[in-house]
Amino acid sequence: MSMHSLRDQPFLVEVRLLRDKVPSWDQYPIDLPVTRSLETIAFHPRVTFFIGENGTGKSTLLEAMAVGLRFNPEGGSRNFRFSTRASHSQLDRFLRLSRSARRMRDGFFFRAESYYNLATEIEKLDAEEAAGPPIIGAYGGRSLHEQSHGQSFLALFSHRLRGDGLYLVDEPEAALSPNRQLALLSIIHDLVGKGSQFIIATHSPLIMAYPNAWIYLLLDDKIERVEYTDTEHFALTRAFLNDHRRMLRRLLDDEAL
Ligand SMILES: Nc1ncnc2c1ncn2[C@@H]1O[C@H](COP(=O)(O)OP(=O)(O)OP(=O)(O)O)[C@@H](O)[C@H]1O
Ligand SMILES: [Mg+2]
């Protein structure tokens, strides 16, 4: 096998739910829509998106995958072992993650929900006596708490992620202006060019537009692969921006608008 074709392989090939290992189907997290309908999800070698309504289980699935890959459930690289609240589900016990022969040089689990805790952990570790250089150096050098939410997000993405790695990302749009979401797209593209693979849960019609990706839509009774322009996110955003007054009139039931 040539180096080129190895580099084209995903780190993470697929995730499968070991259905015969599941003891009971009526308890969290197995009772979630995502697990009830999960058989196998194959990952794109570059970027895979999970989309779907609030509460379908995107974060639960991503977190279980992160735990299965030995990432810290609250976010970070494999070196982080902090946990402010041991709330992660046991779903990882029923998942089989298939990896290729490619070796990961980098990895990160990024989640908007507990990003604050990650920033605190970095400060704490850097305040302790340590042999190596300060950890914050890898994040651009400036405390993540002393930057705005969005600035510190982008600092992490542009400084800490080195490429040739697997990145699990939950709702990166949470802190980003539309303009910065586009900036994130180009950072992702850059890291993809350096051999990275992303698995991203998102609601953002801008972020899920990344080309050369697979989008999985999580529904109540199934998981299906969809084209970007067939998503509700795309259709709804387009309809709104095409004629926002008309949509607001209908939505708010106010002819004066
Ligand atoms: N510890 C728990 N016990 C029981 N149910 C839980 C627990 N944690 C989360 N849930 C439920 O699991 C469901 C899925 O949550 P999850 O955060 O995975 O959804 P999501 O698809 O990421 O949603 P969103 O788009 O809002 O981020 C939610 O209905 C949530 O209330
Ligand atoms: Mg979520």
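Keep in mind it's a predicted model, so treat the numbers as computed, not measured.

*Asks:* Explain the sheet that holds strand 1 (residues 12-17) residue by residue, including any values.
*Replies:* Overall, antiparallel pairing links the three strands, which are arranged 2-1-4 in an open sheet. Among the strands making up the open sheet, the edge pair consists of strand 2 (40-42) and strand 4 (95-99). For this sheet, the mean angle separating the axes of adjacent strands, direction not counted, is 15 degrees. Here three bridges tie strand 1 to strand 2, and the two strands are oriented antiparallel to one another. Note on strand 2: the bridge partner recorded for R16 is T40. Its contacts with the sheet put helix 3 (residues 58-68) on strand 1 and strand 4, and the angle it makes with strand 4 is roughly 65 degrees.

*Asks:* I'd like to hear about the packing of helix 5 (residues 149-160) against helix 6 (residues 178-193), residue by residue, with values.
*Replies:* In contact at an axis separation of 10 Å, helix 5 and helix 6 are set at 10 degrees when each is read in the N-to-C sense. If you check the angle between helix 5 and helix 6, you find them roughly parallel. In this structure, helix 5 uses G150, L154, F157 and S158 to contact helix 6, whose residues at the interface are R180, A183, L184 and I187. In the contact of helix 5 with helix 6, the residues fall into five nonpolar, two polar and one charged.

*Asks:* Could you give an account of helix 8 (residues 244-252), naming the residues involved and the relevant values?
*Replies:* Within helix 8, only zero of the nine residues are buried, leaving the element largely exposed. Positive backbone phi, approximately 55 degrees, marks D253, located one or two places after helix 8.

*Asks:* Before we move on, can you summarise the site of ligand 1 with the specific residues and values?
*Replies:* Around ligand 1, 10 residues are found, and the nearest of them are Y28, N54, K58, S59 and T60. Of the residues that constitute the shell around ligand 1, the class distribution is two nonpolar, seven polar and one charged.

Calculation rules
For every chain, the first residue of the written sequence is number 1, and numbering continues from 1 along that sequence. Labels are handed out in written order, letters beginning with A for the chains and numbers beginning with 1 for the ligands. Totals for whole chains, interfaces and linings use every residue, but because this is a predicted model, local features are given only for residues with pLDDT of at least 70 and side-chain atom pairs only at 80 or more, for both listing and counting. Strand pairing is assigned whenever DSSP detects at least two bridges linking the two strands. Numbered from the N terminus, helices here are DSSP runs of H or I no shorter than four residues, and strands are runs of E no shorter than two. Here an axis means a line fitted to C-alpha atoms, over the contact stretch when the element is a helix, while the angle between two N-to-C directions is reported on a 0 to 180 degree scale. Here, residues touch in the contact sense if the C-beta positions derived from the backbone fall within 7 Å of one another. In these notes the angle categories are as follows: under 35 degrees is roughly parallel, over 145 is roughly antiparallel, 65 to 115 is roughly perpendicular, and the rest is oblique. Asp, Glu, Lys and Arg are counted as charged, while Ala, Val, Leu, Ile, Met, Phe, Trp, Tyr, Cys and Pro are counted as nonpolar; the rest, among them Gly, fall into the polar class. Burial in this document is a count-based property: other C-beta atoms within 10 Å of a residue's C-beta are tallied, and the residue is buried at 20 or more, exposed at 12 or fewer, or partly exposed in between, with C-beta positions derived from the backbone. Being near a molecule or strand means, for a residue, that its C-beta atom, positioned from the backbone, comes within 6 Å of it.

Geometric values such as these leave the question of function open.
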